[in-house]
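An overview of the molecular structure
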Amino acid sequence: MSGKVVLYYFDGRGKMESIRWLLAVAGVEFEEVFLTTRAQYEKLVNDGALLFHQVPMVEMDGMKLVQSKAIMNYIAGKYNLYGKDPKERVMIDMYAEAARDIMDMISMVLFTSPDNKKDELEKVQVKAKVRTLPAFEKALGASQFLVGNQLSCADVNFFEASLMLEEVFPTILSSFPNIQAFQKRMKAIPAISKFLQPGSQRKPLPDDALRKTAKEPTSLTLT
Ligand SMILES: N[C@@H](CCC(=O)N[C@@H](CS)C(=O)NCC(=O)O)C(=O)O
């Protein structure tokens, strides 16, 4: 195994996108192998590369890492994005999980049938406005970072989630000034500004083609 970081997943966001974000913010260059056929996935399984027969898988530091949260925690720990002590880490995990809840809810709705999509999206919007965003707004009113006095993976995960929310509900942040100010600070970080440029390894929202691929019987479940 070379020293390169290599990501194995679909050519879409799914469970890999937050890993891409963390690597980008940590300034780690990575290559990607996009799985487009069931045969590619089966080869990885037969080669023993997927501990639980699932992707995302990340080759890094001589290891084949699976389980997206474990991978993110490893990157966060290695690149000083995981707080200074257990109390900070548990707070980081709490905010990071809430950010992922939002992204998972949106992704699920985008993969549901067009008939239910409008109602389901409205439910997500209400949950985000009532439950999640006020907690982030409060935390960001007290400090420029969600936890402690330095950038953490919680900030990165929430920034990603806030952009995703705006992709689906363009005005959702209008009543959350601290989150808007946070977005502005995050966009000014050079690694983030670079990742937001067109042509970066950031993936778009799933489009119809990706949704179709994910639903084919030969493909893996994409969530
Ligand atoms: N808990 C795992 C779940 C991974 C997962 O569900 N991966 C799907 C693709 S998004 C997969 O590999 N499906 C193939 C299968 O389970 O047969 C994680 O977070 O990495």
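As the structure is a computational prediction, the values presented were derived from the model and not from experiment.

About the criteria used
- Residues numbered from 1 in each chain as written.
- Predicted model: local features only at pLDDT ≥ 70, side-chain atom pairs only at ≥ 80, totals over all residues.
- Heavy atoms only, no water.
- Helix = DSSP H or I, 4+ residues; strand = E, 2+ residues; numbered from the N terminus.
- Axes fitted to C-alpha atoms, helices over the stretch in contact; angles between N-to-C directions.
- Parallel < 35°, antiparallel > 145°, perpendicular 65-115°, else oblique.
- Left-handed = near helix turned anticlockwise from the far one by under 90°.
- Contact = heavy atoms within 4.5 Å.
- Nonpolar A, V, L, I, M, F, W, Y, C, P; charged D, E, K, R; others polar.
- Domains from an automatic or database assignment.
- Buried area = accessible area lost by both parts, 1.4 Å probe.
- Salt bridge = Lys/Arg side-chain N within 4 Å of Asp/Glu carboxyl O.
- Polar contact = N/O pair within 3.5 Å; in protein donor to acceptor, adjacent residues only side chain to side chain.
- Pairing = 2+ DSSP bridges.
- UniProt positions renumbered as here; feature names shortened; annotations may be inferred.
- Buried < 20%, exposed > 50% of the residue type's maximum accessible area, 1.4 Å probe, protein only.
- Arc of directions from axis to C-beta.
- Expected span 1.5 Å × (residues − 1).
- Bend = angle between axes of the 7 residues up to and from the residue.
- Patch = residues over 30% accessible without salt bridge, like charges linked within 9 Å, V, L, I, M, F, W, Y side chains within 5 Å.
- Areas by Shrake-Rupley, 256 points an atom, 1.4 Å probe, with all protein chains shown as cover.
- Phe/Tyr/Trp six-rings, centres within 6.5 Å; stacked < 30°, edge-to-face > 60°.

**Let's talk about unusual backbone geometry**
- In this model, V55 is joined to P56 through a cis peptide bond whose omega is 10°.
- Here P56 shows up in the loop between α2 (38-46) and β3 (57-60).
- Even without glycine at this site, Q67 takes up a positive phi of about 70°.

**Here we look at the packing of helix α4 (residues 86-110) against helix α5 (residues 114-142)**
- It is the contact of α4 with α5, at a shortest axis distance of 10 Å, that shows an interaxial angle of 165°. Between α4 and α5, the crossing angle belongs to the class labelled roughly antiparallel. The two elements α4 and α5 meet at a crossing, and its hand is left-handed. Here Y95, A98, A99, I102, M105, I106, V109 and L110 of α4 come into contact with α5, specifically with K117, E120, L121, V124, K127, T132, F136 and A139.
- For the contact of α4 with α5, the per-class residue count stands at twelve nonpolar, one polar and three charged.

**Digging into the domain arrangement of the protein**
- If you check the domain split of the protein, you get domain 1 (6-79 + 196-218) and domain 2 (86-189).
- Here the C-alpha centroids of domain 1 and domain 2 sit 22 Å apart.
- Each partner contributes residues to the interface: domain 1 has 18 residues there, and domain 2 has 18 residues.
- The contact between domain 1 and domain 2 buries some 1500 Å² in all, and 66% of this surface belongs to carbon and sulfur atoms.
- At the junction of domain 1 and domain 2, the tally comes to two salt bridges.
- Of the charged contacts, one joins E97 and K69 as a salt bridge, the two residues approaching to 3.3 Å between their closest N and O atoms.
- At the junction of domain 1 and domain 2, the tally comes to three residue pairs in polar contact (both at pLDDT 80 or more).
- Broken down by secondary-structure element, the contributors of at least two residues to the side of domain 1 that touches domain 2 are α1 (17-26), α3 (68-78) and α9 (208-215).
- Examining the composition of the side of domain 1 that touches domain 2, we find that five residues originate from one element, α1, more than from any other.
- Looking at the side of domain 1 that touches domain 2, its residues break down into ten nonpolar, two polar and six charged.

**Here we look at the sheet that holds β3**
- In space, the four strands of this open sheet follow the order β2-β1-β3-β4, with mixed pairing throughout. Whereas interior strands pair on both sides, the edge strands pair on one side only; in this sheet they are β2 (30-34) and β4 (63-66). Put simply, the sheet's adjacent strands are angled 20° from each other on average, direction ignored.
- Relative to β4, β3 is paired through four bridges, and the arrangement is antiparallel.

**Remarks on the UniProt feature "domain: GST N-terminal" (unreviewed entry) in the protein**
- Following the UniProt record, one finds the feature "domain: GST N-terminal" (unreviewed entry) at residues 3-83.
- For residues 3-83, the helix share is 37%, the strand share is 22%, and the end-to-end C-alpha distance is 26 Å.

**So, α2**
- Listed as buried for α2 are Y41, L44 and V45. Looking down the long axis of α2, one finds its buried residues gathered within 100° of arc, a one-sided arrangement. Away from its buried face by more than 90 degrees, α2 exposes A39, K43 and N46.
- On the buried face of α2, the contacting elements are β1 (5-9) and β3.
- Within two residues after α2, G48 carries a phi angle of roughly 75°, on the positive side.

**Observations concerning α5**
- For α5, spanning 29 residues, the distance from its first C-alpha to its last is 40 Å, which sits close to the expected 42 Å at 1.5 Å a residue.
- Along α5, the largest kink reaches about 40° and is centred on L133; proline P134 follows within four residues of it.

**Observations concerning a nonpolar patch on the surface**
- A contiguous nonpolar surface patch, about 250 Å² in accessible area, is contributed by V90, M91 and M94.
- One can find V90 in helix α4.

**A few points about the packing of aromatic side chains**
- Across all of its chains, the model carries seven aromatic pairs by this definition.
- Note on Y95 and F136: the rings are 5.3 Å apart at their centroids and 55° apart in plane angle, and the pair reads as tilted. Residue Y95 is found in helix α4, and its partner F136 is found in helix α5; the two are separated by 41 residues along the sequence. By the burial criterion, Y95 is buried, and F136 matches it.
- Considering the side-chain rings of F136 and F158, the 3.9 Å spacing of their centres and the 5° angle between planes classify their relative orientation as stacked. Residue F136 is found in helix α5, and its partner F158 is found in helix α6 (residues 153-168); the two are separated by 22 residues along the sequence. Each member of the pair F136 and F158 is classed as buried.

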